[in-house]
Structures are given as structure tokens and as C-alpha cells.
Amino acid sequence: ELMETMPKSLAAATGLDALTHAVEGYITKGANLMSDMFHLEAIKLIFANLEKAVNKKDPAAIEKMSYAQYIAGMGFSNVGLGIVHSMAHQLGAVYDTPHGIANAMLLPYVMKFNGKVCADKFKDILVALGEDVKGLTKTQVIEKFVEKIRALSKAVGVTQTIADYGCKKEDIEMLSQKAMDD
């Protein structure tokens, strides 16, 4: 009932935060067979249901999003997260950027960077989402995955950039150091 009454922006932010939990948990060095099972299922549920949950307030999609958020948490609480969250924490602390929005803004960029070492994991995710990846190069797999993330964010109305929250070029070094400390 609570999720059905959330404002669209909050529902989108929490759903994209859950996606970030699942993706980061899936690609982290600590990932294992059990956590991979949780994270892949959460990713599938989020891609299949977030837009309907946010834009249409579809009760079945909202229920599936609650499962997705829960099982993503079960996974990452055992293996940790990654630099998206470390960086998002800094945007929240310095600019009061909502956590889920910060994650959504950063996720595509970090995944493009991380893809250099985990494109095989991205390929697994794309296959789990029903995408045809036959014949794709490593670079194409990364681009296809990043584009899916961007498209989902846009579909639920998250189109902001870090500049929209006041981040300036001269702040990047300080934010980077704080993220590394995190």
C-alpha cells in the first residue's frame, strides 16, 4: 500500500537504487553462485516491472518490484556493492542529491567503465533479459547494456545530471577522494 501511494519520482528513485544494488552486487569481486542467482532475478524483475510500477501504478508490478528490491538486498548484503554507491553517497552528502537519483545518474557511466573488466557479466545480464547477444563484440555488449540502463531511467522520468544538483568541475577531485575513502 505504501508503494502504491509513493510519488512517481520517489518510486522511480527507489527502483533504480534497487537496480544499482543488483547490478553492483552481480559484478562485484565478492559475487558467488548464490548472490548471482539473487541479483539476476532482481535485475529481470526490475526491467520487467519498474516502468509499469512507476508510470501506471500497476499493483502486480509494484508487488514484483518489492520482491526485486528485497532479493537484491539479500544478494548485496552478502557480497557488497561498488563505486556507484561510493560516488552516490558523496553526491548526497555534498549536494543533498537523493540517493536513488544519484545512483541512477552514475550507473551508466560506471558500468561503461567497469565493462572493460566484466563485459561477460553484462552479457549474462542481457541474455537473462532476453536480448540477442550473438556476434556482439565486448564493446557492443557494454554499449547495449548501458543503453538499456539509460532507457529504463528515461522511461521512469529520471533524466537529471550531476550538474543539475550543483556539481561543478572543480569539485570532482574532492568528490573522487571522498568516494575512494568510502
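Here, every reference points to the structure presented above.
None of these values were measured; they are calculated from a predicted model.

Undergrad: When you look at the pattern of salt bridges in this model, what are you seeing that I'm missing?
TA: A side chain of one charge can pair with a side chain of the opposite charge when the charged atoms of the two come close. Taken as a whole and assessed by the stated rule, the structure comprises five salt bridges. With a shortest N-O distance of 3.1 Å, Lys 121 and Asp 36 are connected by a salt bridge. Of this pair, Lys 121 sits in helix H6 (residues 99-128) while Asp 36 sits in helix H3 (residues 33-55); the two residues are 85 residues apart in sequence, bridging distant segments of the chain. Lys 112 is the partner of Glu 143 in a salt bridge, and the nearest nitrogen-oxygen pair spans 3.1 Å. Here Glu 143 is found in helix H7 (residues 138-155), whereas its partner Lys 112 is found in helix H6, with 31 residues between them in sequence.

Undergrad: Could you clarify how one ought to interpret the nonpolar core in this entry?
TA: Leu 19 and Met 111 are the most contacted members of the largest nonpolar core, which totals 55 residues. Among the secondary structure elements, those contributing two or more residues to this core are helix H2 (8-27), H3, helix H4 (59-79), helix H5 (83-95), H6 and H7. Sort the elements by how many residues they give to this core and H6 lands first, with 13 residues. Residues within four places of Met 111 in sequence aside, it is in contact with Val 23, Ile 27, Val 84, Phe 122, Ile 142, Phe 145, Val 146 and Ile 149.

Parameters at a glance
Residues numbered from 1 in each chain as written. Predicted model: local features only at pLDDT ≥ 70, side-chain atom pairs only at ≥ 80, totals over all residues. Heavy atoms only, no water. Salt bridge = Lys/Arg side-chain N within 4 Å of Asp/Glu carboxyl O. Helix = DSSP H or I, 4+ residues; strand = E, 2+ residues; numbered from the N terminus. Core = buried A, V, L, I, M, F, W, Y, C linked by side-chain atoms within 4.5 Å. Buried < 20%, exposed > 50% of the residue type's maximum accessible area, 1.4 Å probe, protein only. Contact = heavy atoms within 4.5 Å.

Take it as geometry only, folks, not as evidence of what the structure does.
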